[in-house]
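One-letter residues, chain by chain:
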Amino acid sequence: MPAMTPRFLRLLFGLLFFSFAVSAQMPRPEFRDSTKMRQGMRDTAAFRNGPPVGKVIGVLRDSSSRQSIEFASVVVMRMRDSSVAGGALSDNKGQFRIEDLSPGRYFVRITSIGYRQLDSKPFMLTPMDPLKDFSTVWMFPSTRQLKETEVVGEKAEYVNSLDKKVYNVDKTLINAGGSVSEVLQNIPSVNVDIDGKISLRGSEQVTVFIDGKPAGLNAENRGAILQQLPAATIDQIEVITNPSAKYDAEGISGIINIKTKKDKNPGLNGSVQVGAGTRDKYNASIQLNRRTKSHNAFLNYGYRDDRRFSFGDNTRTNTYFEDSLSYFVSENDGRNDNISHTIRGGVDLYLNDYNTLGMSGSVNLRNEARYDDAITRQEDDDFNEVSFFDRITRTDENNKNFDGSVDYRRTFAGTKKELTASASINRILRDDESQYSTDTSGLVFDQLQRLNTIGRNWNGTAQADLILPFEKFKIETGLKSTYRRNDGRQSSDRYDFTANDWNADTTFTDRFIFTEWVYAGYLQWSGRWKIFELMAGVRAEQTVITGQSESADTNFTRDFLNLFPSGAIKYSFSEGRDVQLNYSRRISRPGQQQLNPFRNISDSINIFVGNPGLLPETTHSLELGYIGRYKEQNVSATLFYRFTDNFSQRFRVVDPVSNITTQTFVNYNTSENLGAELVIRNSFLKVFTSTLTLTAFYNKVNGENIGAGLVSDVWSGDIRGSISTRFSKSFSIQLTGNYMAPREQPQGTFRGMSGIDFGFKYDFKGGKWSLNGSLTDIFDTRNFRVDNLGDGFRVEFTRKRESRVGSFTLSYRFGKAEQSQRPRKQGRPGDMPQNDMLDF
């Protein structure tokens, strides 16, 4: 007997589901309960003269492949007793149409083999409003495997929409055993440099959230934190390049939201991972989740022991005197040892069908030991050695990060009205001690210095949001308050070799207290006009910044109000093909390091000083995007333009007498970015999947307010690609690569960087055990190289951080593997969004 095809089975199961729903949901004798009888009589009386003219229509699509779903059972049920009022099977285009429905209150139940059951929210059909159009309904695959059809639901590697891109971390095999920083290296449009600095579409002015909250992350600390946050605890990465008014305005290039894992399966579920990498790298993690009708509790733990070497060289040529050049040549070797523990847990309490209270918290403990040996030689025009010193730096850094939040969500029966409120608090404690040993004679270390740094930071947010739906549009509004207080202290001692004792060195002593309050409110309208979907909004943010420097005896206060309009227009000119135009105004405020006027001379020939007069950057961002979904291909094309006032960047000067370099931050006049991004995802030969991202951009910076001719004007771009194949149901491999093209800045040029990574995954029999392996930067080509050019100097700078790493990770999963099929009237307010469209 020939095997039954999936199409035939889908039709068969669709008919079975439909017939079962009709027979099982017929009114029963117990409906004759007097209370229900009276309710039924009132319903009947209210609409007894109404003609059966009601219609329900829509289209079913797979949430991963975007393809139509045929032969799904679509049943319309009465709200008062769940009896069947009508039904149909979806056609080969995924369309369904149910007619001749009497006026009344209904909900729709959709079932299809291989997909989770969906129940819609309640809706009303009346003689005045007889049509209910669900538009596109996205169906989510279940993980149940049927013996003959073997239908398996999997998440796509990424979900691409016009307002944001969502990347599923588990689908990139190279991520196993890695850190969040390494995950971001594989995200299109995102780049991470050797120091962990994150940029989006070429700009480091990007906001990074964890579960939609700041979690203490800022431009100065997020690189170190994300390098130690285990990838195994992360579910998705969201990239929002042109946020609307309901999002924070901070971040010139957009928002990156890191979503941690929270299982939705019923009962107790979890997973355990252990891994090891080359050169003494180890990791372990565990995820636990328990979900019942009354609550959902989760607990994640991650451990990382990461040890990496680094080396580099720095050649500075002083060109003040054309007939007599001089050189500073530095070479350094270093090592970083990081050990971190991350614990995150929480619970969502389902108080009833319409109220959810959520509480969560996290603790991150990170210890870092750094060692660096830098040898510097000063040479004259004939390359003769003029001076020499060897400096060894040992640093022990201890960080503690505590985070807690409370969230509340209220939905309302029979409407999409929604009220949410949340509050979060974050505490960061940093203590580190650095010891500098310097040899200026080439014989013995004759200088010894000790530097102690203490950081005590508080961060907090409180916000409330309201969604008000109307017949043709909806209004969203909200208030938010954000608070930051960074208290940084630094003290120094020098060793007196004669007295054999430490003496305080006041030239290195500093305390800087930075506070920032941001008060925000927004109003946003969205609706449909003819064939267009429209959105318009405005956000107001009042910012108050204060700084107090004890060493510089300086206090300052900044108080400014900004308005941030935003808007979007979307047009769907054919099924699965959309075009959208977005506009937003955004801001990037200076932080503690940029504003602190303390003159840091811990490196005697390279001094850094902050600029308390630094102004915030403001940007106008415009984006035109297209998405096309084809049979085996998804295409996303975007044109973007950003115009920035008061563009801030590092600026370097060299004293021609002392040969000392001083760096600070300055505001250039303007910056312009014009670019294009193309993302193509292909599925071919049933076993191959590829993703190609091409980004090209033009950048022009005008800094002539700082110095004549200080202008950069350059084209650059990035290429990122991956290809995955499944050799069998249990074995798959993946190859990824990226290339960052050279790019110029007013005082320098980044020379470019590239690398290729490999990963594989093997699922053992039974599906509970799996083995991941990876080799990053196969050809060891990820080197950070920069050339700086300024008035009287040239600098060639190269740094290398260990990037070629091989690792293996063993995983074990336990618990139920399928989503709950229990129907709910409104959906649990605490559930994570599933991209369900409109009423689903």
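See above for the structure.
All of these numbers come straight from a predicted model, not from anything done at the bench.

1. Remarks on the sheet that holds strand β31 (residues 606–609)
Reading across the sheet, the four strands line up as β30-β31-β35-β34 and stay open at both edges, with mixed pairing between neighbours. At either end of the open sheet lies a strand with only one pairing partner, and these are β30 (599–600) and β34 (648–654). In this structure, β30 lies alongside β31, joined through two bridges in antiparallel fashion. Note that in β31 the partner of R599 across the bridge is V609.

2. Topic: the sheet that holds strand β8 (residues 131–139)
By way of backbone hydrogen bonds, the strands of a sheet pair with one another, either parallel or antiparallel. Judged by pairing direction, the sheet is mixed, and its three strands sit side by side in the order β4-β1-β8 without closing on themselves. Single-partner strands in this sheet number two, and they are β4 (95–101) and β8. Across this sheet, the average inter-strand angle for adjacent strands is 15°, counted without regard to direction. Sheet topology note: the strand β1 (residues 54–62)/β4 ladder contains five bridges and is antiparallel.

3. As for a negative patch on the surface
A surface patch of like charges, here negative, comprises D313, E331, D333 and E796. By the element assignment, E796 lies in strand β45 (residues 793–801). Relative accessible area serves as the criterion here: at 44%, E796 is assigned to the partly exposed category.

4. Structural notes on unusual backbone geometry
Phi at S135 takes a positive value of approximately 55°, unusual for a residue other than glycine. Residue position: S135 is located in strand β8. The exposure class of S135 is partly exposed, given its relative accessible area of 34%. One non-glycine residue with positive phi stands out, namely D553, at about 50°. Among the secondary structure elements, D553 is positioned in the loop between β27 (532–549) and β28 (554–574). A relative accessible area of 71% places D553 in the exposed class.

5. Focus: the environment of S807
With respect to the helices and strands, S807 occurs in strand β46 (residues 805–814). Classification of S807 by relative accessible area gives buried; the value is 13%. Note: C-alpha distance between S807 and L775 (32 residues apart in sequence) is 6.6 Å. With residues near it in sequence (within four places) discarded, S807 still touches A176, A276, G277, N772, G773 and S774. At 2.9 Å, the side chain of S807 forms a polar contact with the side chain of S774.

Conventions used here
- Residues numbered from 1 in each chain as written.
- Predicted model: local features only at pLDDT ≥ 70, side-chain atom pairs only at ≥ 80, totals over all residues.
- Heavy atoms only, no water.
- Pairing = 2+ DSSP bridges.
- Helix = DSSP H or I, 4+ residues; strand = E, 2+ residues; numbered from the N terminus.
- Axes fitted to C-alpha atoms, helices over the stretch in contact; angles between N-to-C directions.
- Patch = residues over 30% accessible without salt bridge, like charges linked within 9 Å, V, L, I, M, F, W, Y side chains within 5 Å.
- Areas by Shrake-Rupley, 256 points an atom, 1.4 Å probe, with all protein chains shown as cover.
- Salt bridge = Lys/Arg side-chain N within 4 Å of Asp/Glu carboxyl O.
- Lys, Arg positive; Asp, Glu negative; His and termini not counted.
- Charge placed at Lys NZ, Arg CZ, Asp CG, Glu CD.
- Buried < 20%, exposed > 50% of the residue type's maximum accessible area, 1.4 Å probe, protein only.
- Contact = heavy atoms within 4.5 Å.
- Polar contact = N/O pair within 3.5 Å; in protein donor to acceptor, adjacent residues only side chain to side chain.

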